[in-house]
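Structural overview
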Amino acid sequence: MKFPWICGAAFLTLALSGCAFSEHDHAVHDHTAESHAHDHEVEGHNHDHEHDREATRSENEAEHVDEPGVIVLDDHQAESLGLTYESAAVGPFSSIVRTGGAIETAPGDRSTVTATVSGIVSFGGRRLTEGTRVAKGTSFLILGSSGMVEGNYPQQLADARAELAKAEADFRRAESLAGNRVVSGAELESARLAMDVARRRVAVLSENATKGGKSIVAPLGGYITSLLVGEGDYVAAGQPLAEISANRNLVLRADVPQRHLVRTDETRTANFTTPYDGKTYDLSDLDGRLIGSGRTVAAGSPTIPIRFEFENRGDLTPGTVVEVFLKGAPRENILTVPLSALTEEQGAYYLYVRISPGHYRKIPVRTGTSDGERIEILSGLKPGEEVVATGPYFVRLAGLSTAIPHGHSH
C-alpha cells in the first residue's frame, strides 16, 4: 500500500525547484522572456493566465500542508480505502448500563420430545447430534421393540388389530340379530362401543408405526439443542429423548450488577454485541420487547436478570454469551459519533477530523457512555466538524508516513 508521503515528496521537490528558480537573476534572461512573449503573441496564446491559474490551484491545495499536525491523504486513495465521513451533530441519546448476558431459547419456541412407547433407540442410519436441523413432522428417531418379551410394540399392534377384527364381527352379528329381537338394544350398543374402542387403539398404535418399531417425529421444525439418548439405548414410555428449538424467537438475558438496581426501572430496550464477529444488534430493529425483570437477588448472586424477547432474523444461537448495553430514557442534545470513528493510543482517545478535501487533523477527545454503536463525546469535538466515521486507522498510518520535517535545500 502506497501512502501520500510519496506524493508529498514529489510536491516538495517541485516546491524546492520553484524556490531555486526564484533566486536566479531574471534580468539575465530578459531577452529570452521577450522572445517568448513575442512568439506567444504571434501564436495567439496567453500562458500568463494559465500560469496564474496553476499558481492559484497550488496555493489552494497547499493551504493546510504547512500547518502543524495536518495529515495529507489524497481523496482518491481515501475513497479506495473505504473511508466514510459524518458531520458531528447533537441529538437524543439513551443512558446506558453496560453489562454481560446471554442468548436463550424463547418460551413456546422449543419442545421436549418424549418416548411414546418403550423400546431401543435407533437413529435410522442418520448422524444425529446437537445442532442437527429437523423438519416438522419428519421422523428422526426409531424405537424398536421387536422380539422383546415386554413392551413388544409390533406384537401390541398385531393384537390390537386382531381385537378390532373380532369386535367388528361381534357388532355385525349383534346388528343382524337385533332386527329379530334376539339381541337387545343394550347389547347392540355394547358391541358398537367395543368396536369403537378397538378402532381407536389400532389408530393410536398404527400412528408412525414402522417395521419392528415406531418412529418418533419432530413436533416442530428447528434444531436439536439437546440429545438425551444414544444409539442402542433402551428407553421407557414417557422418557425424554431430545429437545428441539425452532430459533424463530430468542430471549436476551442481561445480568445487571446490583449497584445498577435503581436504574432497572428506566430500562426500555437494549443493544447487544456478539463476541465471535463483533456485530452489534439493536432490539428495536428485531421487534424486541421487555418480558421480565428480576426483583430479588438470589443468594450468592451478584446480578439481577432482565429479559427481552426478539425475532431471530440472523444466525444467532441460544447459549451465546454477549455484551449487553441496556438503554434507558433518552437524553437530549448529546454529541455522539460512530464507535468505529474512535481510536485509542496508550489509554487516550482520538478522532480524525477532515478540515478540507485530502487534509485531516487528529484531535484528542473525552468520551462518555456507549450504546454499542455510537459513543458520547464530552469534549474535544465541535458540532459540525466532519469526522472520519470508518477507516480512521488508514488516516493514522498516513500521519505516521508523513511525519518528516519540512525544509528547503538550496
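Residues numbered from 1 in each chain as written. Predicted model: local features only at pLDDT ≥ 70, side-chain atom pairs only at ≥ 80, totals over all residues. Heavy atoms only, no water.

**Considering the pairing of strand β18 (residues 321-338)**
In the case of a regular strand, side chains alternate between the two sheet surfaces. The line we're drawing: Two strands make a pair as long as DSSP finds a minimum of two bridges between them. Think of it this way: any DSSP run of H or I at least four residues long counts as a helix, any run of E at least two long counts as a strand, and we number them from the N terminus.
Bridge analysis of strand β3 (residues 89-105) against β18 gives 12 bridges, and the strand direction is antiparallel. Its bridge partner lying in β18, Gly100 is registered against Glu323. Pairing of strand β14 (residues 269-273) with β18, which is carried by 5 bridges, proceeds in the antiparallel orientation. By the bridge assignment, Thr273 is partnered in β18 with Glu323. Relative to strand β22 (residues 374-379), β18 runs antiparallel, the two sharing 3 bridges. When the bridges of β22 are listed, Val337 appears paired with Ile375.

**Quick look at the confidence of the model for the protein**
Short version of the rule: Residue-level confidence of the predictor, termed pLDDT, takes values from 0 up to 100. By definition, residues are in contact when any of their heavy atoms lie within 4.5 Å.
For the protein, per-residue confidence averages 79 on the pLDDT scale, and residues scoring 70 or more make up 78% of the total. The low-confidence segment residues 53-58, where pLDDT is below 50, has 0 contacts with residues more than four positions distant or belonging to other chains.

**Points about the side chain of Thr105**
Looking at where Thr105 falls in the secondary structure, it is placed in strand β3. What Thr105 contacts, discounting residues up to four positions off in sequence, is Arg110, Ser245, Leu250, Val251 and Pro318.

**What about the packing of aromatic side chains?**
Aromatic ring pairs: the centre-centre distance and the angle between the two ring planes describe each pair. The test is simple: In this scheme Phe, Tyr and Trp rings, the latter by its six-membered ring, pair at centre separations within 6.5 Å, and the angle between planes marks the pair as stacked below 30 degrees, edge-to-face above 60, and tilted otherwise. The rule is simple: take the accessible area with a 1.4 Å probe, protein chains only, and divide by the maximum for that residue type; under 20% is buried, over 50% is exposed, in between is partly exposed. Charge over a ring is defined by NZ of Lys or CZ of Arg lying within 6 Å of the ring centre and within 35 degrees of the ring normal.
For the structure shown, the criterion picks out 4 aromatic pairs. Ring geometry for Phe272 and Tyr281: centres 5.1 Å apart, planes at 15°, overall stacked. Across this residue pair, the class does not change: Phe272 and Tyr281 are buried. On the basis of an interplanar angle of 45° and a centroid distance of 5.6 Å, the ring pair of Phe272 and Phe310 is categorised as tilted. With a gap of 38 residues between them, Phe272 in strand β14 and Phe310 in strand β17 (residues 303-311) connect regions that are remote in the sequence. Taking the relative accessible area as the measure of exposure, Phe272 reaches 0% and is therefore buried. Among the aromatic residues, those joined into a cluster by ring pairs are Phe272, Tyr281 and Phe310. Residue placement shows Lys362 over the ring face of Tyr350; its charged tip is 4.4 Å from the ring centre.

**Things to note about the pairing of strand β5 (residues 119-122)**
Here β5 runs beside strand β11 (residues 234-235); their pairing, made up of 2 bridges, is antiparallel. Bridged to Ile120 within β11 is Tyr234.

**Looking at the sheet that holds strand β6 (residues 133-134)**
If you trace the 4 strands from one edge of the open sheet to the other, you get β4-β12-β10-β6, paired in antiparallel fashion. Two strands lie at the open edges of the sheet, namely β4 (110-114) and β6, each paired on one side alone. Bridge count for β6 against strand β10 (residues 222-227) is 2 bridges, and the pairing is antiparallel. Residue pairing across strands places Arg133 opposite Tyr223, the latter belonging to β10.

**Some remarks on the side chain of Ser226**
Its place among the elements puts Ser226 in strand β10. Classification of Ser226 by relative accessible area gives buried; the value is 16%. Other than its neighbours up to four places away in sequence, Ser226 contacts Glu130, Ala242 and Glu243.

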